[in-house]
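Survey of secondary and tertiary structure
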Amino acid sequence: MPDSDVPLLDMYRTMLTIRRFEERCNHLYLQGRIPSTLHLYIGQEAVATGVCAHLGSDDYLYSTHRPHGHALAKGVSPRSIMAELFGKRTGCCQGKGGSMHVGDVNVGMFPAIAIVGANAPLAAGSALAAKRLTEDRLAVCFMGDGALNEGAVHEAMNMSALWDLPVIFVCENNLYAASTPLDRAFRSQDLAGRALAYGIPAVVVDGNDVEAVYQAAGEAVTRARRREGSTFLEAQTYRLCGHSRSDPRTYRSPEEEEAWQSRDPIPRLAARLKQSDLASDKSLAAIEQDVLAILDDAVAFAEESPLPEPTDTLDHVYWSGPAGQNNEVWR
Ligand SMILES: Cc1ncc(C[n+]2csc(CCOP(=O)(O)OP(=O)(O)O)c2C)c(N)n1
Ligand SMILES: [Mg+2]
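Fair warning: this is a prediction, and the values are worked out from it, not measured in the lab.

1. Some points on the overall build of the chain
Scanning the chain from terminus to terminus reveals 12 helices and 7 strands. Since a compact globule built from 331 residues should have a radius of gyration of about 20 Å, the 19 Å found for the chain is in line with a globular shape. Oriented by its inertia axes, the alpha-carbon framework of the chain measures out at about 55 × 50 × 40 Å. The buried share among the 331 residues of the chain stands at 50%.

And the structure:
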(Lines give C-alpha, C1' and ligand atoms only; values in the text may rest on other atoms or scores of the structure.)
(Ligands and ions follow the chains in the order given, each with its own letter.)
Protein backbone atom coordinates (compact mmCIF):
# COMPACT_ATOMS: atom_id res chain seq x y z
CA MET A 1 0.00 0.00 0.00
CA PRO A 2 1.26 3.51 -0.74
CA ASP A 3 1.80 5.88 2.15
CA SER A 4 -1.63 7.42 2.80
CA ASP A 5 -0.03 10.87 3.06
CA VAL A 6 0.96 10.72 -0.60
CA PRO A 7 -1.82 12.46 -2.59
CA LEU A 8 -1.79 9.93 -5.41
CA LEU A 9 -5.30 10.62 -6.68
CA ASP A 10 -4.76 14.38 -6.72
CA MET A 11 -1.53 13.85 -8.58
CA TYR A 12 -3.27 11.59 -11.08
CA ARG A 13 -5.78 14.36 -11.74
CA THR A 14 -3.01 16.90 -12.22
CA MET A 15 -1.03 14.66 -14.56
CA LEU A 16 -4.12 13.88 -16.61
CA THR A 17 -5.01 17.57 -16.79
CA ILE A 18 -1.56 18.36 -18.16
CA ARG A 19 -1.71 15.49 -20.68
CA ARG A 20 -5.19 16.29 -21.97
CA PHE A 21 -4.46 20.03 -22.00
CA GLU A 22 -1.47 19.48 -24.24
CA GLU A 23 -3.23 17.01 -26.52
CA ARG A 24 -5.97 19.60 -26.96
CA CYS A 25 -3.37 22.31 -27.64
CA ASN A 26 -1.77 20.10 -30.26
CA HIS A 27 -5.09 19.69 -32.09
CA LEU A 28 -5.81 23.39 -31.86
CA TYR A 29 -2.37 24.16 -33.22
CA LEU A 30 -2.84 21.77 -36.15
CA GLN A 31 -6.19 23.44 -36.88
CA GLY A 32 -4.43 26.82 -36.97
CA ARG A 33 -6.34 28.08 -33.97
CA ILE A 34 -3.23 28.50 -31.80
CA PRO A 35 -0.93 30.83 -33.71
CA SER A 36 2.61 30.05 -32.51
CA THR A 37 4.68 26.95 -31.88
CA LEU A 38 4.36 24.80 -28.78
CA HIS A 39 6.93 22.85 -26.79
CA LEU A 40 4.80 20.06 -25.39
CA TYR A 41 5.48 18.34 -22.07
CA ILE A 42 3.83 15.03 -22.96
CA GLY A 43 5.57 12.21 -21.08
CA GLN A 44 7.17 14.39 -18.41
CA GLU A 45 4.03 15.13 -16.35
CA ALA A 46 5.17 13.23 -13.26
CA VAL A 47 8.04 15.64 -12.70
CA ALA A 48 6.06 18.88 -12.47
CA THR A 49 3.30 17.12 -10.55
CA GLY A 50 5.49 15.39 -7.96
CA VAL A 51 7.46 18.57 -7.27
CA CYS A 52 4.62 21.10 -7.27
CA ALA A 53 2.47 18.92 -4.98
CA HIS A 54 4.70 20.23 -2.16
CA LEU A 55 4.47 23.91 -3.05
CA GLY A 56 2.12 26.65 -1.97
CA SER A 57 1.23 29.73 -3.94
CA ASP A 58 3.82 31.67 -1.89
CA ASP A 59 6.66 29.54 -3.20
CA TYR A 60 8.44 30.79 -6.30
CA LEU A 61 8.58 28.74 -9.46
CA TYR A 62 10.72 29.40 -12.53
CA SER A 63 10.11 27.55 -15.76
CA THR A 64 11.43 27.14 -19.28
CA HIS A 65 10.37 27.08 -22.94
CA ARG A 66 8.36 23.93 -22.02
CA PRO A 67 6.20 25.44 -19.27
CA HIS A 68 2.56 24.30 -19.62
CA GLY A 69 2.92 21.37 -17.23
CA HIS A 70 4.79 23.43 -14.65
CA ALA A 71 2.13 26.13 -14.84
CA LEU A 72 -0.83 23.76 -14.49
CA ALA A 73 0.82 21.89 -11.62
CA LYS A 74 1.57 25.18 -9.83
CA GLY A 75 -2.06 26.24 -10.08
CA VAL A 76 -2.17 28.65 -13.01
CA SER A 77 -5.71 28.37 -14.36
CA PRO A 78 -6.28 26.37 -17.56
CA ARG A 79 -8.43 29.25 -18.81
CA SER A 80 -5.66 31.82 -18.51
CA ILE A 81 -3.03 29.54 -20.06
CA MET A 82 -5.30 28.59 -22.96
CA ALA A 83 -6.22 32.23 -23.57
CA GLU A 84 -2.52 33.10 -23.57
CA LEU A 85 -1.83 30.45 -26.22
CA PHE A 86 -4.61 31.98 -28.32
CA GLY A 87 -2.94 35.40 -27.89
CA LYS A 88 -6.00 36.77 -26.10
CA ARG A 89 -6.24 39.67 -23.70
CA THR A 90 -7.55 37.40 -20.90
CA GLY A 91 -4.39 35.28 -21.06
CA CYS A 92 -2.02 35.14 -18.11
CA CYS A 93 0.32 37.60 -19.92
CA GLN A 94 -2.53 39.52 -21.59
CA GLY A 95 -1.76 37.64 -24.80
CA LYS A 96 1.69 39.20 -25.11
CA GLY A 97 3.80 36.27 -23.98
CA GLY A 98 2.42 33.15 -25.64
CA SER A 99 3.32 29.56 -24.90
CA MET A 100 6.92 30.10 -23.80
CA HIS A 101 6.12 32.77 -21.23
CA VAL A 102 3.10 31.49 -19.32
CA GLY A 103 2.99 32.13 -15.59
CA ASP A 104 1.02 33.94 -12.94
CA VAL A 105 2.67 35.66 -10.01
CA ASN A 106 -0.55 35.34 -8.01
CA VAL A 107 0.17 31.62 -7.66
CA GLY A 108 3.92 32.03 -7.41
CA MET A 109 4.92 31.32 -10.98
CA PHE A 110 7.10 33.92 -12.63
CA PRO A 111 6.37 34.07 -16.38
CA ALA A 112 8.43 31.31 -18.00
CA ILE A 113 11.78 32.14 -19.56
CA ALA A 114 12.71 30.58 -22.91
CA ILE A 115 16.41 31.48 -22.80
CA VAL A 116 17.91 28.17 -21.74
CA GLY A 117 19.41 28.44 -18.24
CA ALA A 118 18.51 32.10 -17.75
CA ASN A 119 15.95 31.29 -15.08
CA ALA A 120 18.52 29.83 -12.66
CA PRO A 121 20.04 33.13 -11.43
CA LEU A 122 16.52 34.55 -11.00
CA ALA A 123 15.47 31.53 -8.95
CA ALA A 124 18.57 31.96 -6.80
CA GLY A 125 17.69 35.63 -6.39
CA SER A 126 14.16 34.80 -5.30
CA ALA A 127 15.54 32.21 -2.90
CA LEU A 128 17.83 34.86 -1.43
CA ALA A 129 14.86 37.18 -0.96
CA ALA A 130 12.84 34.32 0.56
CA LYS A 131 15.62 33.53 3.00
CA ARG A 132 15.99 37.14 4.09
CA LEU A 133 12.32 38.06 4.24
CA THR A 134 10.36 34.93 5.14
CA GLU A 135 10.44 31.93 7.44
CA ASP A 136 10.01 29.10 5.01
CA ARG A 137 9.29 30.21 1.46
CA LEU A 138 11.44 28.60 -1.25
CA ALA A 139 12.17 28.71 -4.98
CA VAL A 140 12.07 25.91 -7.53
CA CYS A 141 13.90 26.17 -10.84
CA PHE A 142 12.93 23.72 -13.57
CA MET A 143 15.49 23.24 -16.31
CA GLY A 144 16.31 20.76 -19.06
CA ASP A 145 19.52 18.76 -19.41
CA GLY A 146 20.63 21.32 -22.02
CA ALA A 147 20.66 24.05 -19.38
CA LEU A 148 23.51 22.33 -17.56
CA ASN A 149 25.92 23.52 -20.23
CA GLU A 150 24.92 27.16 -19.73
CA GLY A 151 27.24 29.32 -17.63
CA ALA A 152 24.40 31.10 -15.85
CA VAL A 153 23.29 27.82 -14.28
CA HIS A 154 26.75 27.21 -12.87
CA GLU A 155 27.00 30.70 -11.42
CA ALA A 156 23.56 30.27 -9.86
CA MET A 157 24.40 26.87 -8.40
CA ASN A 158 27.65 28.14 -6.93
CA MET A 159 26.06 31.15 -5.23
CA SER A 160 23.15 29.04 -4.02
CA ALA A 161 25.54 26.56 -2.44
CA LEU A 162 27.70 29.28 -0.94
CA TRP A 163 24.78 31.11 0.62
CA ASP A 164 22.70 28.00 1.49
CA LEU A 165 19.82 29.37 -0.52
CA PRO A 166 16.41 27.66 -0.31
CA VAL A 167 16.29 26.74 -3.98
CA ILE A 168 15.68 23.40 -5.64
CA PHE A 169 17.15 22.93 -9.11
CA VAL A 170 15.00 20.35 -10.89
CA CYS A 171 16.79 19.08 -13.98
CA GLU A 172 14.39 17.26 -16.28
CA ASN A 173 16.83 15.02 -18.09
CA ASN A 174 14.85 13.91 -21.13
CA LEU A 175 18.02 12.73 -22.93
CA TYR A 176 17.93 15.44 -25.62
CA ALA A 177 18.39 19.16 -25.96
CA ALA A 178 16.27 19.73 -29.09
CA SER A 179 17.86 17.11 -31.43
CA THR A 180 21.17 16.82 -29.55
CA PRO A 181 21.51 13.63 -27.49
CA LEU A 182 23.33 13.73 -24.17
CA ASP A 183 26.47 12.04 -25.48
CA ARG A 184 26.96 14.79 -28.07
CA ALA A 185 26.81 17.46 -25.39
CA PHE A 186 28.40 15.93 -22.26
CA ARG A 187 31.65 13.96 -21.95
CA SER A 188 30.46 12.85 -18.51
CA GLN A 189 26.76 12.13 -18.36
CA ASP A 190 26.76 12.32 -14.58
CA LEU A 191 24.59 15.45 -14.51
CA ALA A 192 23.97 15.32 -10.79
CA GLY A 193 27.74 15.23 -10.30
CA ARG A 194 27.89 18.81 -11.52
CA ALA A 195 25.77 19.98 -8.59
CA LEU A 196 27.77 17.83 -6.18
CA ALA A 197 30.90 19.61 -7.39
CA TYR A 198 29.44 22.86 -6.08
CA GLY A 199 28.57 21.26 -2.74
CA ILE A 200 24.86 20.87 -3.46
CA PRO A 201 23.29 17.56 -2.42
CA ALA A 202 22.02 15.84 -5.56
CA VAL A 203 19.43 13.12 -6.03
CA VAL A 204 18.70 11.14 -9.19
CA VAL A 205 15.15 9.93 -9.53
CA ASP A 206 12.93 8.08 -12.01
CA GLY A 207 11.06 11.05 -13.44
CA ASN A 208 8.30 8.82 -14.81
CA ASP A 209 7.39 7.58 -11.34
CA VAL A 210 5.41 10.31 -9.63
CA GLU A 211 5.70 8.70 -6.21
CA ALA A 212 9.50 8.67 -6.49
CA VAL A 213 9.53 12.30 -7.62
CA TYR A 214 7.13 13.26 -4.82
CA GLN A 215 9.31 11.62 -2.20
CA ALA A 216 12.60 13.08 -3.43
CA ALA A 217 11.07 16.54 -3.87
CA GLY A 218 9.56 16.32 -0.39
CA GLU A 219 13.00 15.85 1.14
CA ALA A 220 14.41 18.76 -0.87
CA VAL A 221 11.48 20.99 0.13
CA THR A 222 11.95 20.11 3.80
CA ARG A 223 15.64 21.02 3.58
CA ALA A 224 14.81 24.32 1.93
CA ARG A 225 12.07 25.20 4.43
CA ARG A 226 14.38 24.38 7.33
CA ARG A 227 16.96 26.68 5.74
CA GLU A 228 19.44 23.83 5.32
CA GLY A 229 20.34 24.80 1.76
CA SER A 230 19.83 23.97 -1.89
CA THR A 231 19.16 20.61 -3.52
CA PHE A 232 19.59 19.38 -7.08
CA LEU A 233 17.08 16.86 -8.35
CA GLU A 234 17.78 15.06 -11.61
CA ALA A 235 14.54 13.53 -12.89
CA GLN A 236 15.21 11.05 -15.68
CA THR A 237 12.38 11.19 -18.17
CA TYR A 238 11.50 11.41 -21.87
CA ARG A 239 9.28 13.61 -23.98
CA LEU A 240 6.81 11.42 -25.85
CA CYS A 241 6.59 14.06 -28.60
CA GLY A 242 8.86 16.24 -30.71
CA HIS A 243 10.91 19.10 -29.29
CA SER A 244 8.48 21.59 -30.83
CA ARG A 245 5.63 21.29 -33.33
CA SER A 246 8.05 21.40 -36.28
CA ASP A 247 10.23 18.48 -35.10
CA PRO A 248 9.99 15.22 -37.17
CA ARG A 249 12.06 13.35 -34.49
CA THR A 250 14.36 11.72 -37.06
CA TYR A 251 17.21 11.72 -34.51
CA ARG A 252 15.46 9.07 -32.34
CA SER A 253 14.72 5.45 -33.22
CA PRO A 254 11.19 4.00 -33.12
CA GLU A 255 12.52 1.30 -30.76
CA GLU A 256 13.72 3.93 -28.30
CA GLU A 257 10.38 5.74 -28.44
CA GLU A 258 8.45 2.49 -27.93
CA ALA A 259 10.55 1.56 -24.92
CA TRP A 260 9.75 4.90 -23.28
CA GLN A 261 6.11 4.75 -24.32
CA SER A 262 5.79 1.64 -22.19
CA ARG A 263 6.97 3.69 -19.21
CA ASP A 264 4.37 6.43 -19.75
CA PRO A 265 3.85 7.87 -16.25
CA ILE A 266 0.06 8.16 -16.50
CA PRO A 267 -0.97 4.55 -17.23
CA ARG A 268 1.71 3.58 -14.74
CA LEU A 269 0.04 5.60 -11.99
CA ALA A 270 -3.42 4.40 -13.04
CA ALA A 271 -2.26 0.79 -12.64
CA ARG A 272 -0.78 1.60 -9.23
CA LEU A 273 -4.01 3.23 -8.07
CA LYS A 274 -6.11 0.27 -9.13
CA GLN A 275 -3.70 -2.25 -7.71
CA SER A 276 -3.88 -0.48 -4.33
CA ASP A 277 -7.68 -0.18 -4.48
CA LEU A 278 -7.41 3.60 -4.46
CA ALA A 279 -9.29 3.84 -7.76
CA SER A 280 -11.35 1.78 -10.18
CA ASP A 281 -11.87 2.07 -13.92
CA LYS A 282 -15.08 3.88 -13.10
CA SER A 283 -13.54 6.44 -10.76
CA LEU A 284 -10.67 7.10 -13.18
CA ALA A 285 -13.19 7.61 -15.99
CA ALA A 286 -15.00 10.15 -13.81
CA ILE A 287 -11.74 12.08 -13.33
CA GLU A 288 -11.25 11.99 -17.09
CA GLN A 289 -14.72 13.49 -17.63
CA ASP A 290 -14.03 16.27 -15.12
CA VAL A 291 -10.76 17.10 -16.81
CA LEU A 292 -12.30 17.19 -20.27
CA ALA A 293 -15.05 19.51 -19.02
CA ILE A 294 -12.44 21.90 -17.58
CA LEU A 295 -10.62 21.92 -20.91
CA ASP A 296 -13.80 22.48 -22.93
CA ASP A 297 -14.46 25.46 -20.71
CA ALA A 298 -10.89 26.75 -21.14
CA VAL A 299 -11.07 26.52 -24.94
CA ALA A 300 -14.48 28.23 -25.05
CA PHE A 301 -13.16 30.98 -22.77
CA ALA A 302 -10.11 31.48 -24.98
CA GLU A 303 -12.17 31.50 -28.19
CA GLU A 304 -14.64 34.05 -26.83
CA SER A 305 -12.02 36.36 -25.32
CA PRO A 306 -11.00 39.56 -27.11
CA LEU A 307 -7.65 40.07 -28.79
CA PRO A 308 -5.38 42.74 -27.27
CA GLU A 309 -5.89 46.22 -28.67
CA PRO A 310 -2.92 47.79 -30.51
CA THR A 311 -3.18 50.67 -28.07
CA ASP A 312 -2.43 48.22 -25.19
CA THR A 313 0.92 47.23 -26.67
CA LEU A 314 3.12 48.94 -24.10
CA ASP A 315 0.88 48.24 -21.08
CA HIS A 316 2.52 45.92 -18.53
CA VAL A 317 5.80 46.04 -20.44
CA TYR A 318 7.60 48.95 -18.77
CA TRP A 319 7.23 50.23 -15.23
CA SER A 320 7.47 53.97 -14.98
CA GLY A 321 6.78 54.35 -11.25
CA PRO A 322 9.29 54.35 -8.38
CA ALA A 323 11.74 51.42 -8.29
CA GLY A 324 10.86 48.59 -5.93
CA GLN A 325 7.15 49.31 -5.73
CA ASN A 326 5.93 47.62 -8.85
CA ASN A 327 5.36 44.11 -7.69
CA GLU A 328 3.23 43.85 -4.62
CA VAL A 329 2.46 40.17 -5.01
CA TRP A 330 6.18 39.29 -4.85
CA ARG A 331 6.77 40.57 -1.34
C1 LIG B 1 20.58 30.30 -24.46
C2 LIG B 1 19.75 29.55 -25.49
N3 LIG B 1 20.38 28.84 -26.44
C4 LIG B 1 19.65 28.16 -27.36
C5 LIG B 1 18.27 28.21 -27.33
C6 LIG B 1 17.45 27.44 -28.36
N7 LIG B 1 16.84 26.28 -27.67
C8 LIG B 1 15.56 26.32 -27.27
S9 LIG B 1 15.12 24.94 -26.46
C10 LIG B 1 16.63 24.25 -26.68
C11 LIG B 1 16.95 22.89 -26.16
C12 LIG B 1 16.85 22.83 -24.69
O13 LIG B 1 17.07 21.54 -24.25
P14 LIG B 1 16.84 21.16 -22.75
O15 LIG B 1 17.42 22.22 -21.88
O16 LIG B 1 17.37 19.78 -22.56
O17 LIG B 1 15.26 21.20 -22.56
P18 LIG B 1 14.16 20.32 -23.29
O19 LIG B 1 13.83 21.02 -24.57
O20 LIG B 1 14.73 18.97 -23.51
O21 LIG B 1 13.00 20.33 -22.36
C22 LIG B 1 17.46 25.12 -27.37
C23 LIG B 1 18.87 24.82 -27.72
C24 LIG B 1 17.66 28.99 -26.34
N25 LIG B 1 16.34 29.07 -26.23
N26 LIG B 1 18.42 29.63 -25.41
MG1 LIG C 1 16.32 17.99 -22.64
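2. Re the pattern of salt bridges
The full count for this structure, using the stated rule, is 17 salt bridges. Between Asp 290 and Arg 13 there is a salt bridge, with the nearest N and O atoms lying 3.2 Å from each other. Residue Asp 290 is found in helix α12 (residues 281–304), and its partner Arg 13 is found in helix α1 (residues 8–30); the two are separated by 277 residues along the sequence. Judged by its relative accessible area of 37%, Asp 290 is partly exposed.

3. Regarding the site of ligand 1
As a matter of local geometry, ligand 1 sits amid 15 residues, with His 65, Arg 66, Gly 146, Asn 174 and Tyr 176 nearest to it. In the model, an oxygen atom of ligand 1 is placed 2.7 Å from a nitrogen or oxygen of the Arg 66 side chain. At 2.9 Å from an oxygen atom of ligand 1 is found a main-chain nitrogen or oxygen belonging to Gly 146. Relative to its free-state accessible area of 580 Å², ligand 1 is covered by the protein chains to the extent of 70%.

4. A closer look at the coordination of the magnesium ion (ligand 2)
Coordination of the magnesium ion (ligand 2) by the protein is provided by Asp 145 (OD), Asn 174 (OD1) and Tyr 176 (O), with metal-donor distances spanning 2.1 to 2.2 Å. Considered as a linear motif, the donors of the magnesium ion (ligand 2) on their single chain read D-x28-N-x1-Y. Of this pair, Asp 145 sits in the loop between β2 (139–144) and α6 (151–162) while Asn 174 sits in the loop between β3 (167–173) and β4 (176–177), placing them 29 residues apart in sequence. This pair shows no difference in class: Asp 145 is buried, exactly as Asn 174 is.

5. Some words on the packing of α1 against helix α2 (residues 45–52)
At a closest axis distance of 9 Å, the pairing of α1 and α2 adopts a crossing angle of 140°. Here α1 lies oblique to α2, going by the angle between them. Considering only the axes of α1 and α2, their crossing is right-handed. On α2, the residues that touch Met 11, Thr 14, Met 15, Ile 18 and Arg 19 of α1 are Glu 45, Ala 46, Thr 49 and Gly 50. For the contact of α1 with α2, a count of residues per class yields 4 nonpolar, 3 polar and 2 charged.

Thresholds, definitions, all that
Residues numbered from 1 in each chain as written. Chains lettered and ligands numbered in written order. Predicted model: local features only at pLDDT ≥ 70, side-chain atom pairs only at ≥ 80, totals over all residues. Heavy atoms only, no water. Helix = DSSP H or I, 4+ residues; strand = E, 2+ residues; numbered from the N terminus. Rg over C-alpha atoms; globule rule 2.2 N^0.38 Å. Buried < 20%, exposed > 50% of the residue type's maximum accessible area, 1.4 Å probe, protein only. Salt bridge = Lys/Arg side-chain N within 4 Å of Asp/Glu carboxyl O. Near = heavy atom within 4 Å. Polar contact = N/O pair within 3.5 Å; in protein donor to acceptor, adjacent residues only side chain to side chain. Areas by Shrake-Rupley, 256 points an atom, 1.4 Å probe, with all protein chains shown as cover. Donors = N, O, S within 2.8 Å, 3.2 Å for Na, K, Ca; no water. Axes fitted to C-alpha atoms, helices over the stretch in contact; angles between N-to-C directions. Parallel < 35°, antiparallel > 145°, perpendicular 65-115°, else oblique. Left-handed = near helix turned anticlockwise from the far one by under 90°. Contact = heavy atoms within 4.5 Å. Nonpolar A, V, L, I, M, F, W, Y, C, P; charged D, E, K, R; others polar.

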